[in-house]
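This is what each chain is made of:
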Amino acid sequence: MALCTNSFIFAFVNEQLSTEVIEQSGGLPAMDCQLFYHSTEYFKILEKTRGETPFMVVVRRGPRVVAHLLASLRRRGSLIPPYLFTQGRVYSEGEYAAGEDREHLFNLMLDAITRKFQRKMCMYIEFSNLTQKMFGYRLFRQNGYFPVHWMEVHNSLHSKPPRERLSEKMLERIKAIGEAGVEVHEVEDFSEFRDFHRMLRQFFSLKVRRYLPSERLFAELLASRHARLFRTTHRGRTIGGCACVYDKEDAYLWYLASKRKSHSRLHPDTATVWAAIEQAYQSHYRHIRFMDAGLPFSHNPYRDFILSFGGKEVSTYRWFRFSISWLNKFIGWFYRE
C-alpha cells in the first residue's frame, strides 16, 4: 500500500511539470536569473540584434519556474563557398531552482529546444561551456548529439594576485608595453565604440569559424551593468579590444581582437588580456574564463598565448547536432572517442 501511495505522489509531482519555449520577451515569466547567458536581459539584447533570434525554454512546476535555458538561432553565412545557414547556440546548461533534479529538467529542455530548432530548419546546434565535462552525456547522446573534445582555460583570481602567476618574461613584456605608450580603458562614448567595433569587424572578417554578432549587440553590452568593453590604443589609435561579461563570481572574456600584424611590437593582445584580468581581480571576481580556447591540438598558438597569463587548462566537451542525419553520423564518427 505504501508503495502505491509513493508511486502516486511521484506521478502527481511529475504531472505538475510543464515545458514551454518562449520566443518573445513579452511572454517571459518572472525568473531568478543569476547567469547572464540565461537571463531575461540577454534575451532582450538578442531580440534587438539583427541575425539573432532568442528562445527561452522554461520548465514550471505549477506556477513556479524551476528551470530555464536560453538558446539563440544565429543567421550566418560564408563566402567560401557562398551559402547561408542558421546555427543554434547555447552557453552552459541553464539555471535551476535549488533542490531540483537538474538532469531530469535538462532533459526536458534539451528535447524542447532540439525540436524547436528542427522545425526552424537549423543547420546545426552547438552547446558549450558546460559546468561539468560529463553533465548530460547520456541525454545528449539520446537526443542525437555527438561530443567533440575541447579545451577551456580559466585563471583563478581568488588565491593570489594574478601578477604573481606571470613569468619574468611576461612581466617584462607588460612593463615594456606600458612604456611604449599603449593604454587600455573602458569604452565610454559613441566615438570610442565606433572605433572599437570597426577594429573587431576587421579582425573577425578573415576568421573562417569565428562568429561576430552585429553592432547592436555590442551597443547593448555597453549599456549593460553585466558587461564591459575594453579598447586598447596607441597614440590615439585603436589597436585592440575585447568584450567581457560578468556572472555571479566569474568574469568571461568573450571577444578578443587586435591589430597584431601592423602593431606586433606593441603586443596589443597582451595589453588587452592583461587589463581584463586586472579589472576582474580588482572587482573581486574569483575567476576569469576564456570563452573559446579551441580544439585540443598539441600546438594551438591562441591557447598557448592565453596560458602565458598563468591560467589553468581544462579538457571538456562541446556537443553538436546537425539536422542532416547522414552528415551528423559522419561527423560524429569522425570525432568519435
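Bear in mind the structure is a predicted one, so any value in this text is a computation, not a measurement. (Residues numbered from 1 in each chain as written. Predicted model: local features only at pLDDT ≥ 70, side-chain atom pairs only at ≥ 80, totals over all residues. Heavy atoms only, no water.)

Undergrad: Would you mind showing me how to read the pattern of salt bridges here?
TA: Following the criterion strictly, the structure yields 20 salt bridges and no others. Taking the shortest distance from any N to any O, the salt bridge between Arg231 and Glu192 comes out at 3.8 Å. Here Glu192 lies in helix H6 (residues 190-204) and Arg231 lies in strand S9 (residues 227-234), a separation of 39 residues in the sequence. This pair shows no difference in class: Arg231 is buried, exactly as Glu192 is. Measuring nitrogen to oxygen at the nearest pair gives 3.8 Å for the salt bridge that ties Glu249 to Arg286. Within this pair, whereas Glu249 is found in the loop between strand S10 (237-247) and strand S11 (250-258), its partner Arg286 is found in the loop between helix H8 (268-282) and strand S12 (287-290), the two being separated by 37 residues in sequence. According to the relative accessible area criterion, Arg286 is partly exposed, its value standing at 34%. It is possible to trace a salt-bridge network through shared partners that takes in Arg89, Glu126, Asp292 and Arg318. (Salt bridge = Lys/Arg side-chain N within 4 Å of Asp/Glu carboxyl O. Helix = DSSP H or I, 4+ residues; strand = E, 2+ residues; numbered from the N terminus. Buried < 20%, exposed > 50% of the residue type's maximum accessible area, 1.4 Å probe, protein only.)

Undergrad: Just checking my understanding: could you explain the environment of Met56 for this structure?
TA: Its location among the elements puts Met56 in strand S2 (residues 52-61). It is 6.8 Å that separates the C-alpha atoms of Met56 and His68, two residues lying 12 residues apart in sequence. Not counting chain neighbours up to four residues away, the residues in contact with Met56 comprise Glu20, Val21, Ile22, Leu28, Met31, His38, Ser39, Thr40, Phe43, His68, Leu69 and Leu70. (Contact = heavy atoms within 4.5 Å.)

Undergrad: Would you mind going over the side chain of Thr316 with me for this structure?
TA: Relative to the assigned elements, Thr316 resides in strand S13 (residues 312-322). The residues contacting Thr316, other than those within four sequence positions of it, are Lys133, Val148, His149, Trp150 and Glu152.

Undergrad: I would appreciate a short explanation of a nonpolar patch on the surface in the present structure.
TA: A surface patch of nonpolar side chains, about 710 Å² in accessible area, is lined by Ile324, Trp326, Phe330, Trp333, Phe334 and Tyr335. Checked against the element boundaries, Trp333 lands in helix H10 (residues 325-334). (Patch = residues over 30% accessible without salt bridge, like charges linked within 9 Å, V, L, I, M, F, W, Y side chains within 5 Å. Areas by Shrake-Rupley, 256 points an atom, 1.4 Å probe, with all protein chains shown as cover.)

Undergrad: For this particular structure, what's the right way to read the nonpolar core?
TA: Across soluble globular proteins, nonpolar side chains have a tendency to be buried as a group. Residues Tyr37, Tyr42, Leu200, Phe218, Leu221, Trp254 and Tyr255 are the most contacted members of the largest nonpolar core, which totals 35 residues. Elements that contribute at least two residues to this core include exactly helix H2 (40-48), S2, strand S3 (64-79), H6, helix H7 (215-223), S9, S10 and S11. Top contributing element to this core by residue count: H6, with six residues. Leaving out residues up to four positions away in the same chain, Leu200 has contacts with Leu212, Phe218, Gly241, Tyr255 and Ala257. Ranked by size, the runner-up nonpolar core spans 29 residues in total, among them Phe117, Leu130, Phe135 and Phe140. (Core = buried A, V, L, I, M, F, W, Y, C linked by side-chain atoms within 4.5 Å.)

Undergrad: I tried to follow the environment of His185 on my own but got confused; where do I start?
TA: For His185, the position within the fold is in strand S8 (residues 182-186). For His185 and Thr233, which are 48 residues apart along the polypeptide, the C-alpha to C-alpha distance reads 8.5 Å. In contact with His185, other than residues within four places in its own chain, are Glu192, Leu229, Phe230, Arg231 and Thr233.

Undergrad: Can you help me understand H8 in this one?
TA: Over its 15 residues, H8 extends 21 Å from the first C-alpha to the last, a length consistent with the 21 Å expected when each residue adds 1.5 Å. H8 sits mainly inside the fold: 12 of its 15 residues count as buried. Of all the residues in H8, the buried ones are Pro268, Asp269, Thr270, Ala271, Thr272, Val273, Trp274, Ala275, Ala276, Ile277, Gln279 and Ala280. His284 lies just past H8 and shows a positive phi near 70°. (Expected span 1.5 Å × (residues − 1).)

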